[in-house]
Amino acid sequence: MFAAPSADYVGRRWTIVIGSVVFVLGGILQTAAQNLSFLWSGRFFAGIGVGFLTMIIPLYQAEISHPSIRGRITALQQFMLGIGALIASWVSYGTFIGIKNEGQWRIPLGLQLLPALFLGALIFLFPESPRWLIDNDRGEEGLQTLARLHAKGDTNDVWVRAEFEQIQENISFEHEHEAKSYGELFRNRSCFRRLLIAVALQASVQMTGVSAIQYYSVTIYGQIGISPDAALRYQAINSVIALIAQALCILLIDRFGRRWTLIWGNLANMVTFIVATALLGKFIKLNI
């Protein structure tokens, strides 16, 4: 909610910096926590930071990438999240079985600061979004950025010129037909349909329970008789499988398109849930 106006007002790179700084604040509070209130406040700020970054980074990736590889570049965000989850899972498992003091949880919480620090510090080595520059009366700078990204600095390149003009036309059209208020997103049938699709897709991902199972895997698996160390190990193994699936998505998304990749991915996901539920129902007695 906060990242959207920030991305429009201060640009994509500064929004990434803001998200990184807020996340680092949350990470520090968690790592240095003296009681649960510290942890809760740290989670609050970390959640805001993650919200900033997961909203702005795919947008930024899409706006600086070439159309021929835009799907793959944007999908890299989830792939890198998968790498983060992979590292986090194995670090958590390792510290749980190898450390028996506060370092067991402080080390994993502290390590999460590193990628956020690198991101916030190095993002200005990348260019600002050409679309944002053109939309903010910095057209010449936007043209030069497009040229550096896609034509080795040649502002007269045919594709660069065509892309520049297309962005200008799209921005002009959007300004002429843009929603005048958030209320119009609900009153206008076309706007509401697009809003509903976007929200439903994002919500459906979380409705699979993926985050809840990751966060509470020890508790959930404990109810079916699996020990905490085994639960963390299974979670770590699952992160490897997820990374493979994300790599396949990167390879396939520009070939098969967005819709069919999403549809078949969801169908495959559904089958795994059915199989897991059937196996649990037949072989596991809950310890509730």
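Each remark here, short or long, concerns the structure printed above.
Below is a summary of the structure that appears in this document. In this text the structure is predicted, and so the values were computed from the model without any measurement.

Conventions we followed
- Per chain, residue numbering runs from 1 following the sequence as it is written.
- Reporting of local features is limited, given that this is a predicted model, to residues whose pLDDT is at least 70; pairs of side-chain atoms are given and counted only at 80 or more, and all residues count toward the totals for whole chains, interfaces and linings.
- Values shown for side chains rest on all heavy atoms present in the structure; no hydrogens or waters enter the calculation.
- Axis lines are fitted to C-alpha atoms, over the contacting stretch for helices. Their N-to-C directions set the angle, which ranges from 0 to 180 degrees.
- Where helices and strands are cited, they refer to DSSP runs of H or I of at least four residues and of E of at least two residues respectively, numbered from the N terminus.
- What sets the label is the angle itself: under 35 degrees gives roughly parallel, over 145 gives roughly antiparallel, 65 to 115 gives roughly perpendicular, and the rest give oblique.
- The crossing is said to be left-handed when, going from far helix to near helix, the turn is anticlockwise and less than a right angle, and right-handed when the turn is clockwise.
- Amino acid classes used here: Ala, Val, Leu, Ile, Met, Phe, Trp, Tyr, Cys and Pro are nonpolar; Asp, Glu, Lys and Arg are charged; the rest, including Gly, are polar.
- The contact rule is simple, with two residues in contact once any of their heavy atoms fall within 4.5 Å.
- For this analysis, a polar contact is any N or O atom pair within 3.5 Å, provided that within protein one partner can donate a hydrogen and the other can accept it, and provided that sequence-adjacent residues contribute only side-chain to side-chain pairs.
- Each helix should span, by expectation, one fewer than its residue count multiplied by 1.5 Å.
- Only protein chains enter the accessibility calculation, which uses a 1.4 Å probe. A residue is then buried if its area is under 20% of the maximum for its type, exposed if over 50%, and partly exposed in between.
- Any two of the Phe, Tyr and Trp rings considered here, Trp counted by its six-membered ring, make a pair once their centres fall within 6.5 Å; the pair's planes then place it as stacked at under 30 degrees, edge-to-face at over 60, or tilted in between.
- Criterion for a charge above a ring: Lys NZ or Arg CZ within 6 Å of the ring centre, and within 35 degrees of the ring normal.
- For patches, a residue must show more than 30% relative accessible area and have no salt bridge; joins then use 9 Å for like charges and 5 Å for nonpolar side chains, namely Val, Leu, Ile, Met, Phe, Trp and Tyr.
- Calculation of accessible area relied on Shrake-Rupley with a 1.4 Å probe; when residues are assessed, cover is drawn exclusively from the protein chains displayed.
- By convention in these notes, a salt bridge is any Lys or Arg side-chain nitrogen within 4 Å of a carboxyl oxygen on Asp or Glu.

A closer look at the packing of helix H2 (residues 12-31) against helix H3 (residues 36-64)
When two helices pack together, you describe them by how their axes are tilted relative to each other and by the distance separating the axes. One can describe the packing of H2 onto H3 by two numbers: an axis separation of 7 Å at closest approach and a directional angle of 155°. Accordingly, the angle class assigned to the pair H2 and H3 is roughly antiparallel. The crossing of H2 and H3 is left-handed. For the contact of H2 with H3, the residue count by class is 18 nonpolar, eight polar and four charged.

Some words on the packing of helix H14 (residues 228-256) against helix H15 (residues 258-283)
Where H14 meets H15, the axes come as close as 7 Å, and the angle between the chain directions of the two elements is 130°. Taken as axis vectors, H14 and H15 run oblique relative to one another. Contacts from Cys-249, Leu-252, Ile-253, Asp-254 and Phe-256 of H14 reach H15 at Arg-258, Trp-260 and Thr-261. Taken together, the residues that form the contact of H14 with H15 break down as five nonpolar, one polar and two charged.

Comments concerning the environment of Gly-47
Relative to the helices and strands, Gly-47 resides in helix H3. Residues Gly-47 and Val-22, spaced 25 residues apart in sequence, show a C-alpha to C-alpha distance of 8.8 Å.

Overview of the side chain of Ser-129
Structurally, Ser-129 can be placed in the loop between helix H6 (113-122) and helix H7 (130-135). A polar contact is formed between the side chain of Ser-129 and the side chain of Glu-63, at a distance of 2.5 Å. Sequence-distant contacts of Ser-129, that is, excluding residues within four places in its chain, are made with Arg-12, Tyr-60, Glu-63 and Ile-64.

As for H2
Here H2 contains 20 residues, and its C-alpha end-to-end distance of 28 Å stays within 8% of the 28 Å for a straight helix at 1.5 Å per residue. Among the 20 residues of H2, 14 are classified as buried, and the element is accordingly described as predominantly covered.

A closer look at the packing of aromatic side chains
Two descriptors summarise a pair of aromatic rings, namely the distance from one centre to the other and the angle between the planes of the rings. Across all of its chains, the model carries five aromatic pairs by this definition. Measuring from centroid to centroid gives 5.0 Å for Trp-14 and Phe-124, while their planes differ by 65°, and the two rings are edge-to-face. Note that Trp-14 is positioned in helix H2 and Phe-124 in the loop between H6 and H7, a separation of 110 residues in sequence. The class of Phe-124 is partly exposed, set by a relative accessible area of 35%. The ring of Phe-96 is capped by Lys-100, whose NZ or CZ atom sits 5.7 Å from the centre of that ring.

Observations regarding a nonpolar patch on the surface
Together, Trp-90, Tyr-234, Ile-237, Val-240, Ile-241, Ile-244, Leu-248, Leu-251, Leu-252 and Phe-256 line one region of the surface with nonpolar side chains, adding up to about 950 Å² of accessible area. At nine residues, the largest contribution of residues to the nonpolar patch is made by H14. Following the sequence through the fold, Val-240 ends up in helix H14.

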